[in-house]
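Structural overview
So you can see what is in the structure, the chains are spelled out below.
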Amino acid sequence: MQDITSMNTKSIISLTTFALLVFTGLIILGLWGCPQYKVYSQRMEGEALLAHAQASKEVAVAEARAKMESAAMLAAADTIRAHGVARSNQIIGESLRNNEAYLHWLWIDNIEKNPQAVIYVPTEANLPILEAGRRPWLKDTAR
């Protein structure tokens, strides 16, 4: 019976020693692991901030590139439109050159479209007669 008791005591002591060693090992691991985890955590946080900053930069560059391409396309469209207007003006100018009959007809047509228009007819010295008959107060003072 002493053998059983001494075996139980030895088992309890060895189990207690093992538990104490495990507990001490966990404490040492915790004391070493916590600072290591903080360093790891800060490094990961820094990498995340860097990735976010790079992504923001790429978005800004892409937006600027899109604006630049849009401006170039708008400038090209304005240039094409200006060339078209210049060509139209050239065609109209060439068609009106030495075409006095058409210009005379256009002048008469515009007079008919706006009967309220005031037309100044130049005299022999190329000076217009200025609405002398249209101002009633001038008629009253002339008497």
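Residues numbered from 1 in each chain as written. Predicted model: local features only at pLDDT ≥ 70, side-chain atom pairs only at ≥ 80, totals over all residues. Heavy atoms only, no water.

**Quick look at the overall build of the chain**
The number of helices and strands found in the chain is three helices and zero strands. Going from the N terminus to the C terminus, the chain shows its helices and strands as α-α-α. When the accessible surface of the chain is split by element, carbon and sulfur atoms take 65% of a total near 13,300 Å². (Helix = DSSP H or I, 4+ residues; strand = E, 2+ residues; numbered from the N terminus. Areas by Shrake-Rupley, 256 points an atom, 1.4 Å probe, with all protein chains shown as cover.)

**Some words on a nonpolar patch on the surface**
Taken together, the side chains of Leu15, Phe18, Val22, Leu26, Leu29 and Trp32 define a hydrophobic patch exposed on the protein surface, amounting to about 680 Å² of accessible area. Inspection of the secondary structure puts Leu29 in helix H1 (residues 2–96). (Patch = residues over 30% accessible without salt bridge, like charges linked within 9 Å, V, L, I, M, F, W, Y side chains within 5 Å. Salt bridge = Lys/Arg side-chain N within 4 Å of Asp/Glu carboxyl O.)

**As for unusual backbone geometry**
Phi is positive for Asn98, close to 60°, though the residue is something other than glycine. Residue placement: Asn98 occurs in the loop between H1 and helix H2 (100–113).

**Quick word on the UniProt feature "transmembrane region" (unreviewed entry) in the chain**
UniProt records the feature "transmembrane region" (unreviewed entry) for residues 12–34 in the present numbering. Spanning residues 12–34, this segment combines 100% helix with 0% strand, and its end C-alpha atoms are found 32 Å apart. (UniProt positions renumbered as here; feature names shortened; annotations may be inferred.)

**A look at the confidence of the model for the chain**
With 82% of its residues at a pLDDT of 70 or more, the chain has an overall mean of 83. When pLDDT is averaged over each helix and strand of the chain, the minimum, 54, is found for helix H3 (residues 136–142) and the maximum, 89, for H1. (pLDDT = per-residue confidence, 0-100.)

**Topic: the pattern of salt bridges**
The tally for this structure, following the rule as stated, stands at one salt bridge. The partner of Lys113 in a salt bridge is Asp109, with the nearest N and O atoms 3.3 Å apart. Here Lys113 pairs with Asp109, and both are found in helix H2, just four residues apart, close to one helical turn.

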